[in-house]
Amino acid sequence: MLLCGVDVGTSSIKVSVVDAANQQLIYSTSYPEIENEISASEPGFAEQDPEHWWTCVKQAILKANSSKTYHAKDIVSIGISYQMHGLVVIDKEYQVLRPSIIWCDSRSIEIGSEAYAGIGKSYCENNLLNSPGNFTASKLAWVKIKQPEIYEKIHLAMLPGDFIAGRLTNVFTTTNSALSEGIFWDFKANDLSSPLMDYFGFDSSMIPDVQPVFSNHGIIAVNVAKELGLNNQVQVTYKAGDQPNNAFSLGVLEPGEIATTAGTSGVVYGVSDSLTFDQMNRVNSFAHVTHTKDSTRIGVLMCINGTGILNRWVRQNIASDLSYNQMNNLASQSPIGSRGLVCLPFGNGAERIFQNRNIGASFDNLDFNQHSKADLIRAAQEGIAFSMAYGIEMLNATGIYANKLKAGYANMYLSDVFTSSLVNASNVAVDLLESDGSFGAALGSGFGLGYYHSAKEAVSKIKRISTCEPKFELLSKTLDAYSNWKESITQKL
C-alpha cells in the first residue's frame, strides 16, 4: 500500500511516494526543473496561474511513476500540501477566472486594515485570531472592488490546495484550517464568519463545503486516473497549508512543540491549546491540522517572506556561476558578521512582523574595497537567519517559547552558515529531520484514509539526522552581528 504526497510550492511542485507500512520514502521528485516565476504586473503584486500548478502536479506524478521504483496502481491515497493564503476563483464550469493572488501579494493591505476597524478589533482578535490583513478574504474583496466583472462570475472561491484537490477529483471542498488561514473562520462559532462575510458582502455559497482536514475529499476522476496511470479508486484524504503541514511532517502536534522552515519564505510555527493571538498583529494564528471543536490546537506562525527567495536572488544576480552548495561553502569562508556587511531580507512584499509594512531589502555598510562575493552571500544567509531569530522573539508575546526547534534537512538548513547563525542568534537548538512537505502530505493521507489510527502514529517513524546546538565559542560574535542587524532594522522602522 502506497501513499502519495503533493506539495504545491511557489517555486515548484514536489511529489513523494511513501510505503504506508514502514513510513519510508520510496521516491521523490519535483517539476519543473526551472523554478516557477511569480508575475508582478505592479509593485506589491504577486500572481501565479493555477492551471500551471495543475500541469506541474500531473507532470511531477508522471515523472515519479516513470522512475519504475514502485507500481503506480498501488497508490491508494493522495495528500496535498500547498502555499498558504492564495486565492483561486472559478466559474460554474470550474474554469479559472483569473490568476491566483498568492501569499506574498500586498495589494489588499488597505482593504484588510479597513476591515479590521469595520468588523471590530475585538471580534477579529477573539474570533478570527487575526486582522484580515492581506489574507485570502481581503484578496477576494479586492477582486470584488477592482474587477467586478470577474467577481460576478465567481462560483467558488478557494485556497490553492482546494483547487488542486478539485482538479484531481472534480469535487471541491475546503477545511476549517484553510478557511482560518484565509481569515474566513470564526473559532468561537466554529463556523464560517458571518460578520466578515456580511462586511465584505460575500455570499456564503461561494465557499466550498467544509470537511475535516483528514477525510475523504473525493475519489480521483476516471479521466485523471487514466492520464496519470493511477488506480481509479484513489482518494484525496488530506490537504493543508504548507506550514501546518510542515509542522505535522516534523511531528509538531502538541502545545510547546515548534517547527521551522526556510524555503521561499521562512517560518517558525508553534502549537497552542488556547485561542492565541498577537495583539500587535505581527504573528498569525490559524487552525492546526489537528484542531477540532473539542480539542483546541492553534498554530501560531511567524513568517518572513524574503528567505529562500533572497538566496535565489543572490544566486541569480551575484553568484550565477555557483550551485547552492558552492554558495554555502563560499559563505563559510567569510567570518561571522560578514565583515560588518548587513543584509535585510525584506524584498518580497509587506512583512507581517512589521505590521504589514514593506521596508524593502538592502545590503548596508557595503565597502567596495573590503567586501567580496563570499561576504555578500554570508550576509544574505545571516540576514535570513537573524530575521527568523527576530521573529522567534515576537512569538514570546503569544506565550510560545522556543526550547528546541524541529526542521527538515532541506533548503536553507543545508547551509551550515544559516543554521549556525539561527541557532546561535536565538540560543535555541534545532533538530534536523528527514522529512519535507510532500513526505508529510503522503503520511497525512494515510491518516485521512484510516490506515493510521492517529496523527501521532502517522509521523511516528520520522528519522532525526542531527541536532545543531548553540556553541559557546560562537555565541558572542554571533550575538554582536545580530545586534548590528537589529540596529539596521531600527533605522528602517
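Below is a summary of the structure that appears in this document. What you see is a predicted model; the values in this text were computed from it and never measured.

1. Section: the layout of surface pockets
Then comes step 1: In this model, the second largest pocket occupies a volume close to 490 Å³.
Then comes step 2: Around the second largest pocket sit 25 residues that line it, and I309, W313, G347, N348 and G349 are the ones nearest its centre.
Then comes step 3: Where the lining of the second largest pocket is concerned, the elements lending two or more residues are α11 (308-317), β18 (342-346) and β19 (360-364).
Then comes step 4: Among the elements that make up the lining of the second largest pocket, the one with the highest residue count is α11 (5 residues).

2. Section: the nonpolar core
The nonpolar side chains of soluble globular proteins are, as a tendency, buried together.
Then comes step 1: Core analysis: the largest hydrophobic core is formed by 124 residues, its most contacted members being L140, F184 and F248.
Then comes step 2: The element contributing the most residues to this core is helix α13 (residues 373-395), with 14 residues.
Then comes step 3: In this structure F248 touches F214, Y238, L253, H288, V289, G440, L443, G444, A455, A458 and V459, once residues within four positions along its chain are discounted.
Then comes step 4: Membership of the second largest hydrophobic core comes to 43 residues, among which are A64, F172, I220 and V234.

3. Thoughts on the sheet that holds strand β21 (residues 429-433)
Then comes step 1: If you trace the 7 strands from one edge of the open sheet to the other, you get β16-β17-β15-β14-β20-β21-β22, paired in mixed fashion. Whereas interior strands pair on both sides, the edge strands pair on one side only; in this sheet they are β16 (284-287) and β22 (464-468). Across the sheet, the mean angle from the axis of one strand to that of its neighbour is 25°, orientation sign disregarded.
Then comes step 2: By the bridge criterion, 7 bridges tie strand β15 (residues 266-272) to strand β17 (residues 298-304) in an arrangement that is antiparallel. Along β17, the bridge assignment pairs G270 with V300.
Then comes step 3: Sheet strands in contact with helix α10 (residues 242-249) are β14 (258-262), β15 and β17, and its direction is about 120° off that of β14.

4. Let's talk about the state of the cysteines
Then comes step 1: As enumerated under the stated definition, the model contains 0 disulfides in all.
Then comes step 2: The thiol sulfur of C4 is not disulfide-bonded, and the nearest other cysteine sulfur, from C56, lies at 15 Å.
Then comes step 3: A relative accessible area of 2% means that C4 is categorised as buried.
Then comes step 4: Cysteine C343 shares no disulfide, and the gap to the nearest cysteine sulfur, in C303, comes to 16 Å.

5. Some thoughts on the pattern of salt bridges
Then comes step 1: The full count for this structure, using the stated rule, is 17 salt bridges.
Then comes step 2: Among the ionic pairs, R107 bridges to E47, the shortest N-O distance being 2.9 Å. Highlighted residues: R107 in the loop between β7 (100-101) and α2 (109-119) and E47 in strand β4 (residues 47-48), separated in sequence by 60 residues.
Then comes step 3: The exposure class of R107 is buried, given its relative accessible area of 13%.
Then comes step 4: The class for E47 is buried, based on a relative accessible area of 11%.
Then comes step 5: Among the ionic pairs, D162 bridges to K239, the shortest N-O distance being 3.0 Å. Separated by 77 residues along the polypeptide, D162 in helix α6 (residues 160-169) and K239 in strand β13 (residues 235-241) bring together distant segments of the chain. Both residues of the pair, D162 and K239, count as buried.

6. With respect to the sheet that holds strand β1 (residues 2-8)
Then comes step 1: Ordered in space as β3-β2-β1-β5-β13, the 5 strands form an open sheet in which the pairing is mixed. Each edge of the open sheet is held by one strand with a lone partner, namely β3 (24-31) and β13. Pairwise comparison of adjacent strand axes, ignoring direction, gives a mean angle of 20° for this sheet.
Then comes step 2: Its contacts with the sheet place helix α1 (residues 50-65) against β1, β2 (13-19) and β3, and it is angled at close to 135° to β3.
Then comes step 3: Most of the contacts of α10 go to β13, to which it runs at about 105°, and overall it touches β5 (75-82) and β13.

Criteria and thresholds
- Residues numbered from 1 in each chain as written.
- Predicted model: local features only at pLDDT ≥ 70, side-chain atom pairs only at ≥ 80, totals over all residues.
- Heavy atoms only, no water.
- 1 Å grid on protein atoms, 1.4 Å probe; cavity = no way out; pocket = protein on both sides within 12 Å on 5 of 7 lines; lining within 4 Å.
- Points joined across faces, edges and corners; volume = space filled by probe spheres on them.
- Helix = DSSP H or I, 4+ residues; strand = E, 2+ residues; numbered from the N terminus.
- Core = buried A, V, L, I, M, F, W, Y, C linked by side-chain atoms within 4.5 Å.
- Buried < 20%, exposed > 50% of the residue type's maximum accessible area, 1.4 Å probe, protein only.
- Contact = heavy atoms within 4.5 Å.
- Pairing = 2+ DSSP bridges.
- Axes fitted to C-alpha atoms, helices over the stretch in contact; angles between N-to-C directions.
- Disulfide = S-S within 2.5 Å.
- Salt bridge = Lys/Arg side-chain N within 4 Å of Asp/Glu carboxyl O.

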